[in-house]
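Fold and geometry: a report
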Amino acid sequence: MIYVPPAESFDQAVTFARSAFENDLTGIDKSRISFSLNVLANGKQSSVGISRVAWPTIMSHLARYEIIDVHVQPELKVTGPPPSYRSCSSTEGGEKEKHSSSHSSSAFHSLVPKGLFHRLGA
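Definitions and cut-offs
- Residues numbered from 1 in each chain as written.
- Predicted model: local features only at pLDDT ≥ 70, side-chain atom pairs only at ≥ 80, totals over all residues.
- Heavy atoms only, no water.
- pLDDT = per-residue confidence, 0-100.
- Contact = heavy atoms within 4.5 Å.
- Pairing = 2+ DSSP bridges.
- Helix = DSSP H or I, 4+ residues; strand = E, 2+ residues; numbered from the N terminus.
- Axes fitted to C-alpha atoms, helices over the stretch in contact; angles between N-to-C directions.
- Buried < 20%, exposed > 50% of the residue type's maximum accessible area, 1.4 Å probe, protein only.
- Arc of directions from axis to C-beta.

Taken over all residues, the pLDDT of the protein chain has a mean of 79, while the share at 70 or more is 72%. Counted against residues more than four places away or in other chains, residues 99–110, with its pLDDT under 50, gives 2 contacts. Across residues 115–122, confidence stays below pLDDT 50; counting only partners more than four residues off in sequence or on other chains, it has 4 contacts.

Following this line, the structure appears as structure tokens:
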């Protein structure tokens, strides 16, 4: 645990965290660094993240020497391109659509109580 001066902005907080935890945060992209507070709500202690836009408001309401936790979010790894989709011929698509819509309509009517449309129209 290390105390640093209160940061006026989220970006300044990232800068302070990087200088305070230089060995741990060297080479970590700033977009992966996040902050949270431990709060007591409904008798349970939980961690609540602090978003970039909420930073100034949260900082103005913190108690003196309150602890803000620093986190490193996992790196997102994308493996390969998205799956490709097979295209259907226009005849197949039309038949499927026709069947699908009549099925949906039938499913809808089975969920609606009998006589509901008559009562509304009367």
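This brings us to the sheet that holds strand β1 (residues 33–41). Read from one edge of the open sheet, 3 strands run β2-β1-β3, paired in antiparallel fashion. The two strands at the open ends of the sheet, each matched to only one other strand, are β2 (44–50) and β3 (69–72). Adjacent strand axes in the sheet meet at a mean angle of 40 degrees, parallel and antiparallel pairs treated alike. The strands touched by helix α1 (residues 10–20) are β1, β2 and β3; relative to β1, the strand with the most contacts, the crossing angle is about 100 degrees.

So, on to α1. The periodicity of an α-helix, 3.6 residues per turn, causes residues three or four places apart in sequence to face the same way. Among all positions of α1, only Phe10, Ala13, Val14, Phe16 and Ala17 are buried. In an axial view of α1, the angular spread of the buried residues amounts to 165 degrees, which keeps them on one side of the axis. Turning to α1, the residues buried within the fold contact α2 (22–25), β1, β2, α3 (55–60) and β3.

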